[in-house]
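Given next are the chains, with one letter for each unit.
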Amino acid sequence: RDFAVTAAMQLEAADWRACADTVRSMPAWRRFPAAQRDSALDAIQREIQSAALTTFLHRFSAHYDSLSHDHIATMFGLSRQDAYAAVSRLILHRKIPASWDQGSDTVVLHGSHPTLLQSRAIEFSGRV
């Protein structure tokens with residue numbers, strides 16, 4: 001249970017590497033044959049990377065005007081194609097207010113900027 005809570009907290013912070021490491025270190029994986037374990041963990045890692053990207057865009061999109069396609073792919077350890085597919089899926093399902101700028105190869109985020117109250121709350125939480 002502690003592993004799951006820790007992994008969830010790391011995923012909430014969009015830290016996919018720490019989350020994947022936590023999941024990989026769970027003792028339950030030792031019960032699986034090596035081939036099955038490795039294939040399952042690889043599939044889980046891909047899902048963690050995609051979930052971390054989604055979490056990042058939901059949580060921090062108000063702080064960015066745009067993000068480079070290469071930066072997104074590198075940040076979440078995804079291929080350019082996988083990063084493009086994940087972001088496009090979020091845009092198409094209207095999960096994030098954004099669009100692709102094909103000319104500059106960036107995601108343009110159309111989110112609203114934080115209100116004064118939200119800005120102060122963020123500032124205060126940084127001090128605590």
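Residues numbered from 1 in each chain as written. Predicted model: local features only at pLDDT ≥ 70, side-chain atom pairs only at ≥ 80, totals over all residues. Heavy atoms only, no water.

Peer 1: Which residues make up the nonpolar core, and what are the values?
Peer 2: Core analysis: the largest hydrophobic core is formed by 28 residues, its most contacted members being Leu53, Leu57, Ile72, Phe76, Val87 and Val107. Sorting the residues of this core by element identifies α2 (16-24), α3 (34-60), α4 (69-75), α5 (80-92), β2 (98-101) and β3 (106-109) as the ones contributing at least two each. No other element matches α3, which puts 6 residues into this core. In this structure Leu57 touches Leu67, Val87, Leu90 and Ile96, once residues within four positions along its chain are discounted. (Core = buried A, V, L, I, M, F, W, Y, C linked by side-chain atoms within 4.5 Å. Buried < 20%, exposed > 50% of the residue type's maximum accessible area, 1.4 Å probe, protein only. Helix = DSSP H or I, 4+ residues; strand = E, 2+ residues; numbered from the N terminus. Contact = heavy atoms within 4.5 Å.)

Peer 1: So what's going on with the sheet that holds β2? Which residues, and what values?
Peer 2: Spatial ordering of the open sheet is given by β1-β3-β2, a layout of 3 strands whose pairing is antiparallel. Edge positions in the open sheet fall to β1 (66-68) and β2, since each of these has one partner strand only. Within this sheet the neighbouring strands show an average axis-to-axis angle of 25°, counted without direction. For β2 and β3, the ladder comprises 4 bridges, and the chain directions are antiparallel. (Pairing = 2+ DSSP bridges. Axes fitted to C-alpha atoms, helices over the stretch in contact; angles between N-to-C directions.)

Peer 1: Give me the packing of aromatic side chains: which residues, what numbers.
Peer 2: A complete count under the given rule lists 5 aromatic pairs for this structure. Ring geometry for Trp29 and Phe32: centres 5.3 Å apart, planes at 40°, overall tilted. Accessibility expressed as a relative area gives 39% for Phe32, which makes it partly exposed. With 5.3 Å between their ring centres and 45° between their planes, Phe56 and Phe60 make a pair best called tilted. In this pair, Phe56 and Phe60 both sit in helix α3, 4 residues apart, roughly one turn of the helix. Using a relative accessible area of 27% as the deciding quantity, one classes Phe60 as partly exposed. Through a chain of ring-to-ring contacts, the aromatic side chains of Phe56, Phe60, Tyr64 and Phe76 assemble into a single cluster. (Phe/Tyr/Trp six-rings, centres within 6.5 Å; stacked < 30°, edge-to-face > 60°.)

Peer 1: Residues and numbers for the packing of α3 against α5, please.
Peer 2: Contact geometry of α3 with α5 gives a least axis separation of 10 Å together with a crossing angle of 50°. By the angle between their directions, the pair α3 and α5 is classed as oblique. Crossing angle aside, the handedness with which α3 passes α5 is right-handed. For the pair α3 and α5, contact is made by Ser50, Leu53, Thr54, Leu57 and His58 and by Ala83, Ala86, Val87, Arg89 and Leu90, respectively. For the contact of α3 with α5, the class distribution of residues is 6 nonpolar, 3 polar and 1 charged. (Parallel < 35°, antiparallel > 145°, perpendicular 65-115°, else oblique. Left-handed = near helix turned anticlockwise from the far one by under 90°. Nonpolar A, V, L, I, M, F, W, Y, C, P; charged D, E, K, R; others polar.)

Peer 1: I'd love a proper account of the side chain of Gln10, names of residues and values included.
Peer 2: The residue Gln10 is located in helix α1 (residues 2-12) in this model. A relative accessible area of 18% places Gln10 in the buried class. Separated by 2.7 Å, the side chains of Gln10 and Thr22 make a polar contact. Those residues within four positions of Gln10 in sequence are excluded, and the remaining contacts are Asp15, Ala18, Cys19 and Thr22. (Polar contact = N/O pair within 3.5 Å; in protein donor to acceptor, adjacent residues only side chain to side chain.)

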